[in-house]
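Per-entry structural report
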Amino acid sequence: YRLAALLGVRADREGGRRRIAAANELHAQSRRVLELDSRHAGAHYLVGRLHAAVMRLDGVTRFIATRLLGGDALKAASWDASQTHLEAAERFGLCEPMHHFDLARLYADRGAFGDAERERQHTLALTTANPYWAALRARAERLADRWNR
């Protein structure tokens, strides 16, 4: 799992082919973890977050990433798979603010604003007392702007 998490950080920071390679390896490592422990919240989170990131790409960029740059593992990305994994991450890792935040973003992307608000409120509740989470809390506070326009 730690390797998968490190690959997730790398995929966030890299560009082009390196990012796609890191994302492919992240997906493979996370799937291995889930084969060993189907209730691993962190692995579900990484897969769900990866699927959501692919789905948020515009069509041309997604095509290039999945067909031309070798993002084979990313071809199967879907909103449904992302939601399934992010909901599992929340269910198995109940007190992790990032799981709630990314699930709120996913629900908002899918137009489920009531569910998004519920998860946003969970994020805010979990980040109130800890200054470590100040940046995430600020992002969660702004998230409602997407459905309050």
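Everything here concerns the structure above.
Everything in this summary refers to the structure shown in the same document. (Residues numbered from 1 in each chain as written. Predicted model: local features only at pLDDT ≥ 70, side-chain atom pairs only at ≥ 80, totals over all residues. Heavy atoms only, no water.)

Here we take up the layout of surface pockets. Its boundaries defined by the atoms lining it, the second largest pocket holds a volume of some 170 Å³. Lining the second largest pocket, in full, are M98, Y132, W133, A134, A135, L136 and R139. Of the residues in the lining of the second largest pocket, the class split is six nonpolar, no polar and one charged. (1 Å grid on protein atoms, 1.4 Å probe; cavity = no way out; pocket = protein on both sides within 12 Å on 5 of 7 lines; lining within 4 Å. Points joined across faces, edges and corners; volume = space filled by probe spheres on them. Nonpolar A, V, L, I, M, F, W, Y, C, P; charged D, E, K, R; others polar.)

With that settled, the discussion passes to helix 6 (residues 97–109). The terminal C-alpha atoms of helix 6, which comprises 13 residues, lie 18 Å apart, in line with the 18 Å expected from a rise of 1.5 Å per residue. Here helix 6 lies mainly inside the structure; 10 of its 13 residues are buried. When helix 6 is considered as a whole, its buried residues turn out to be P97, H99, H100, F101, D102, L103, A104, L106, Y107 and A108. Taken together, the buried residues of helix 6 touch helix 3 (41–56), helix 5 (79–92), helix 7 (113–127) and helix 8 (134–143). Positive phi appears at G111, one or two residues downstream of helix 6, with a value of about 80 degrees. (Helix = DSSP H or I, 4+ residues; strand = E, 2+ residues; numbered from the N terminus. Expected span 1.5 Å × (residues − 1). Buried < 20%, exposed > 50% of the residue type's maximum accessible area, 1.4 Å probe, protein only. Contact = heavy atoms within 4.5 Å.)

Quick look at the side chain of S82 now. Mapped onto the secondary structure, S82 falls in helix 5. On the accessibility criterion, S82 (0% relative accessible area) is buried. Polar side-chain contacts of S82 include one of 2.7 Å to the backbone oxygen of G48. (Polar contact = N/O pair within 3.5 Å; in protein donor to acceptor, adjacent residues only side chain to side chain.)

What follows concerns helix 1 (residues 2–13). Helix length check: helix 1 (12 residues) gives 17 Å between terminal C-alpha atoms against 16 Å at 1.5 Å per residue, within 8%. Those residues of helix 1 lying buried are A4, L7, G8 and A11. Projected onto a plane normal to the axis of helix 1, the buried residues spread over an arc of 110 degrees and lie on a single side. Turned more than 90 degrees away from the buried face of helix 1, the exposed residues are R2, L6 and R13. (Arc of directions from axis to C-beta.)

Turning our eyes to something else, we now look at the side chain of H85. Positionally, H85 belongs in helix 5. The contacts of H85, once residues within four sequence positions are left out, are R31, L34, H44, Y45, V47 and G48.

Another point: the packing of helix 6 against helix 8. Contact geometry of helix 6 with helix 8 gives a least axis separation of 11 Å together with a crossing angle of 25 degrees. Taken together, the axes of helix 6 and helix 8 are roughly parallel relative to one another. Crossing geometry of helix 6 relative to helix 8 is assigned as left-handed. Residues P97, M98, F101, A104 and R105 of helix 6 form the contact with helix 8, whose participating residues are L136, R139, A140 and L143. Across the contact of helix 6 with helix 8, the residue classes break down as seven nonpolar, no polar and two charged. (Axes fitted to C-alpha atoms, helices over the stretch in contact; angles between N-to-C directions. Parallel < 35°, antiparallel > 145°, perpendicular 65-115°, else oblique. Left-handed = near helix turned anticlockwise from the far one by under 90°.)

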